[in-house]
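Report on the structure
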Amino acid sequence: MLVEEIETCLSGQERVREAWRRRLHDRKFIHREDFNAGSVGVELAHLSILACENGRFRFRLAGSGVRAAFGCEARGLCAAEIDLCKDSSMWTELAAKALARLAPVSGRTRLPDGTVHYWLRLPMSSDGVMADQVLKELGVADGVTLQLNTLGDAASRDAWRAALVEYFRDHRADLSED
């Protein structure tokens, strides 16, 4: 599993980060009650809230997109109890990093099956005093699963090439000299 920290790059993640940022009110984390879930629109399905309990992170809220990505209902479970997460401490480390830094942590992970998940962790508080929760956003390239290391079979490559050539032929005047 390849994990790398990067700036958020999906438009949905930027909407979530901006909604979180607007609620900071000169703090480094938001109070859970301050977050307006309606302000993130369709991204709500990809949101979850992790609560830090005795050094473990438990899902308190998990949208339908999170359920689809994990292949199970995550609400009430710790990461170690979810098949996709249990062999990697990365899931807990990223949430802990957001709380320790009191700052957003974002990046992407390439899973063994080739799927690329873009993730975002934002520090949050259950009581408004101490950062003890993490608002998570999990995106999969705006709802598209990207399968890497495959070019398809010969017939599909030929069809794809023909479609690209036709497209660029029709738009030749719009292309730069480079």
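Residues numbered from 1 in each chain as written. Predicted model: local features only at pLDDT ≥ 70, side-chain atom pairs only at ≥ 80, totals over all residues. Heavy atoms only, no water.

1. Re the overall build of the chain
Counting its regular elements, the chain contains 5 helices and 7 strands. Relative to its full complement of 178 residues, the chain shows a buried share of 37%. Surface accessibility of the chain: about 10,300 Å² in total, with carbon and sulfur atoms responsible for 51%. (Helix = DSSP H or I, 4+ residues; strand = E, 2+ residues; numbered from the N terminus. Buried < 20%, exposed > 50% of the residue type's maximum accessible area, 1.4 Å probe, protein only. Areas by Shrake-Rupley, 256 points an atom, 1.4 Å probe, with all protein chains shown as cover.)

2. Some words on the pattern of salt bridges
Evaluation of the coordinates by the stated rule reveals 7 salt bridges. Among the ionic pairs, Arg27 bridges to Asp34, the shortest N-O distance being 2.6 Å. Linking Arg67 and Glu73 is a salt bridge whose minimum nitrogen-to-oxygen distance equals 2.9 Å. In this structure Arg67 comes out as partly exposed when scored by relative accessible area, which is 36%. (Salt bridge = Lys/Arg side-chain N within 4 Å of Asp/Glu carboxyl O.)

3. What to know about the nonpolar core
Counting 21 residues, the largest nonpolar core has Phe59 and Phe70 as the members making the most contacts within it. For this core, the secondary structure elements donating two or more residues are β4 (56–62), α2 (64–70), α4 (90–101) and β7 (131–139). Among the elements that line this core, the one with the most residues is α4, at 6 residues. Core analysis: the next-biggest nonpolar cluster, separate from the first, contains 12 residues, Val16, Ala19, Leu24 and Ile49 among them. (Core = buried A, V, L, I, M, F, W, Y, C linked by side-chain atoms within 4.5 Å.)

4. Here we look at the environment of Arg75
Structurally, the position occupied by Arg75 is in the loop between α2 and α3 (83–86). Along the chain, Arg75 and Phe59 lie 16 residues apart, while their C-alpha atoms are 4.9 Å from each other. With residues up to four places along the chain from it excluded, the contact list for Arg75 reads Phe59, Arg60, Leu61 and Ala62. (Contact = heavy atoms within 4.5 Å.)

5. With respect to the confidence of the model for the chain
Should the pLDDT be low somewhere, the predicted coordinates at that spot are not to be read in detail. Model confidence for the chain is summarised by a mean pLDDT of 74, while 75% of its residues fall at 70 or above. Of all helices and strands in the chain, the one with the weakest mean pLDDT is strand β1 (residues 2–5) (63), whereas strand β2 (residues 30–31) scores best (84). For the stretch residues 140–150, pLDDT sits under 50, and the model shows 21 contacts to residues farther than four places along the chain or on other chains. (pLDDT = per-residue confidence, 0-100.)

6. What about a nonpolar patch on the surface?
A grouping of Tyr167, Phe168 and Leu175 is seen on the molecular surface, where their side chains present a nonpolar patch of about 300 Å² in accessible area. In this fold, Phe168 is placed in helix α5 (residues 154–170). (Patch = residues over 30% accessible without salt bridge, like charges linked within 9 Å, V, L, I, M, F, W, Y side chains within 5 Å.)

7. Looking at the state of the cysteines
Considering all chains together, one arrives at 0 disulfides under this definition. Residue Cys78 stays outside any disulfide, its sulfur separated by 9.9 Å from that of Cys52, the closest cysteine. Overall, Cys78 belongs to the buried group, its relative accessible area being 3%. (Disulfide = S-S within 2.5 Å.)

8. Looking at the side chain of Ser125
In this fold, Ser125 is placed in strand β6 (residues 116–125). A relative accessible area of 0% places Ser125 in the buried class. Only 2.7 Å separates the side chain of Ser125 from the backbone nitrogen of Gly128, close enough to count as a polar contact. Within the structure, the side chain of Ser125 is placed 2.8 Å from the backbone oxygen of Met130, a separation counted as a polar contact. For Ser125, the contacting residues outside a window of four places in its chain are Phe29, Ile30, His31, Arg32, Met130, Ala131, Asp132 and Gln133. (Polar contact = N/O pair within 3.5 Å; in protein donor to acceptor, adjacent residues only side chain to side chain.)

9. Focus: the pairing of strand β5 (residues 105–110)
Bridging between β5 and β6 involves 6 bridges; their strand directions are antiparallel. Among the inter-strand pairings, Arg108 is bridged to a residue of β6, identified as Tyr118. The antiparallel pairing of β5 with β6 creates a hairpin that spans 5 residues between the two strands, and Gly114 there sits at a positive phi of about 95°. (Pairing = 2+ DSSP bridges.)

10. Overview of α4
For α4, built from 12 residues, the straight-helix expectation of 16 Å at 1.5 Å per residue is met to within 8% by its first-to-last C-alpha distance of 16 Å. Residues of α4 that are buried: Met90, Trp91, Leu94, Ala95, Ala98 and Leu99. Of the residues flanking the end of α4, it is Leu102, one or two places downstream, whose phi is positive at about 50°. (Expected span 1.5 Å × (residues − 1).)

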